[in-house]
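Coordinate analysis (summary)
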Amino acid sequence: PPDHDVCDVPAETPPPAPVGPLIVCRVASTRVVLPEPFARITLVPVEPGYDGNLEIPVGIEQARALELVRLGYEAPRPLAMQLASAMIHALGSSVLRSVIRATSAADVLAATVELQHGASERHAFDARPSDAIMLCLLEPVAAPILVEESFLSGSRPSQDRDQAAAPRE
C-alpha cells in the first residue's frame, strides 16, 4: 500500500505555459449580484494604461474570506487559506506568484501557484483562482497575481488600441 504521509512532488515542477502575455493585476472588489447564487472577484491591471478587468465567479464564503483578508480584518479562527499560508511559511517557502490561466474546458479558469523554497528551488501547484489569489494576498508583501492578457476585457494599453483600430496597408 502507498505511504499516504509522503508527498512525492518533483523538485522542479514547471508551471503550464501561459498562452499569451501576462499582466500583473490586483483585486479591485468582491461582490454579490442578486439573484446569482455566487459572488464575483474583480481583478484589474496594476499598470496604468490598461482598462480591462476580469470577473471570476466564486462561492460566497470564498469571497467573504478574501474580503476579510483584503481589508485586514481578523477572523475568529484561521481561514483555510491562512492555515495553508502558515504551513507554507513554516516549511521555509513563500508564494512567488500566481498565474490565472485557461483550462481545456471552455469558460473555466484555473490557476498555478508558484512557491519559492530557498534560493533556487521552485514548485508549481494547480489551484482554484480564488485560492491562488488568497495565497498571494496573505504574503507579508503581496505576491503578484498574473493574468493572461486575453482574459482581461479591453486590456490593451491605450496606444496599442488606437494603433490596432487603424487599418493596415
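As shown above, the structure is provided for reference.
Throughout this document, residue positions are counted from 1 along each chain, in the order its sequence is written. Predicted model: local features are reported for residues with pLDDT of at least 70 only, side-chain atom pairs are reported and counted for 80 or more only, and whole-chain, interface and lining totals are derived from all residues. Heavy atoms throughout the structure, all of them, feed into the side-chain values; hydrogens and water do not.

Quick look at the overall build of the protein
Runs of E in the DSSP output that reach at least two residues are strands. Runs of H or I that reach at least four are helices, and both are numbered from the N terminus. Helix and strand counts for the protein come out as four helices and seven strands. Looking at the 169 residues of the protein, the share that counts as buried comes to 36%. Taken as a whole, the protein presents about 10500 Å² of accessible surface, with 57% of it coming from carbon and sulfur. Partly exposed describes any residue whose relative accessible area lies between the buried limit of under 20% and the exposed limit of over 50%, with all areas from a 1.4 Å probe on protein chains only and scaled to the type maximum. Working definition of accessibility: Shrake-Rupley area with a 1.4 Å probe, residue cover restricted to the visible protein chains.

Observations regarding the pattern of salt bridges
A side chain of one charge can pair with a side chain of the opposite charge if their charged atoms are brought near each other. When a carboxyl oxygen of Asp or Glu lies within 4 Å of a side-chain nitrogen of Lys or Arg, that pair is called a salt bridge. In total, this model carries eight salt bridges according to the counting rule given. R40 is paired through a salt bridge with E36; the nearest N and O atoms lie 3.0 Å apart. Owing to a relative accessible area of 19%, R40 belongs among the buried residues under this scheme. The closest approach of N and O atoms between R40 and E55, which form a salt bridge, is 3.6 Å. Here the residue R40 occupies a position in strand β2 (residues 39-45), and E55 occupies one in strand β3 (residues 54-58), the gap between them amounting to 15 residues. Looking at E55, the relative accessible area reads 30%, which means it is partly exposed.

Structural notes on the packing of helix α1 (residues 60-70) against helix α3 (residues 129-137)
How two helices pack is summed up by the angle between their axes together with the distance between the axes. Note on method: axes are straight lines fitted to C-alpha atoms, helices fitted across the in-contact stretch only, with angles between N-to-C directions ranging 0 to 180 degrees. Two elements in contact, α1 and α3, have axes separated by 10 Å at closest approach and are oriented at 15°. Relative to α3, α1 is oriented roughly parallel. Handedness of the crossing formed by α1 with α3: left-handed. Two secondary-structure elements touch here, α1 through Q62, A65, L66, V69 and R70 and α3 through S130, D131, I133, M134 and L137. Partitioned by chemical class, the residues of the contact of α1 with α3 number six nonpolar, two polar and two charged. Any angle that falls under 35 degrees is termed roughly parallel, while one over 145 is termed roughly antiparallel, one within 65 to 115 roughly perpendicular, and all others oblique. Put simply, a crossing is left-handed when the front helix is turned counterclockwise from the back one by less than a right angle, and right-handed when it is turned clockwise. Residue contacts are defined here by distance: any two heavy atoms, one from each residue, within 4.5 Å place the two residues in contact. We call Asp, Glu, Lys and Arg charged. Ala, Val, Leu, Ile, Met, Phe, Trp, Tyr, Cys and Pro are nonpolar, and the rest, Gly among them, are polar.

A closer look at the nonpolar core
In globular proteins that are soluble, nonpolar side chains generally tend to be buried together. Each nonpolar core is a collection of buried residues, namely Ala, Val, Leu, Ile, Met, Phe, Trp, Tyr and Cys, held together in the definition by side-chain atoms within 4.5 Å. Judged by nonpolar contacts, the single largest core of 32 residues is most densely connected at L43, V95, I100 and I133. If you tally residues by element for this core, the top one is α3, at five residues. Residues within four places of I133 in sequence aside, it is in contact with V27, I41, L43, I56, L66, I100 and I145.

With respect to the sheet that holds strand β5 (residues 109-117)
On the basis of which strands lie adjacent, the open sheet formed by seven strands has the order β3-β2-β1-β7-β4-β5-β6 and mixed pairing. Two strands lie at the open edges of the sheet, namely β3 and β6 (121-127), each paired on one side alone. Taken pair by pair, the neighbouring strands of this sheet meet at an average axis angle of 35°, ignoring direction. Pairing of strand β4 (residues 93-102) with β5 involves nine bridges; the strand directions are antiparallel. Residue R101 lies in a different strand from β5, and its bridge partner there is A110. Along the sheet, α1 contacts β1 (22-32), β2 and β3; its crossing angle with β1, the most-contacted strand, is approximately 110°. Contacts between helix α2 (residues 80-90) and the sheet are confined to β4 and β5, with β4 contributing the most and set at about 130° to the helix. Only strands joined by at least two bridges in the DSSP assignment are considered to pair.

Focus: the environment of F38
In this fold, F38 is placed in the loop between β1 and β2. Along the backbone, F38 and G59 are 21 residues apart, and their C-alpha atoms lie at a distance of 5.1 Å. With near-sequence residues (within four places) excluded, F38 lies in contact with V32, P57, V58 and I60.

Some words on the side chain of T30
Its place among the elements puts T30 in strand β1. If sequence neighbours within four positions are ignored, T30 has contacts with R40, I41, A63, L66 and E67.

Overview of the packing of α2 against α3
Running from N to C, α2 and α3 point in directions that differ by 55°, and their axes come no closer than 10 Å. Put simply, α2 runs oblique to α3. Crossing angle aside, the handedness with which α2 passes α3 is right-handed. Facing α2, whose interface residues are M81, A84, S85 and I88, α3 presents D131, M134 and L135. Tallied by class, the residues present in the contact of α2 with α3 amount to five nonpolar, one polar and one charged.

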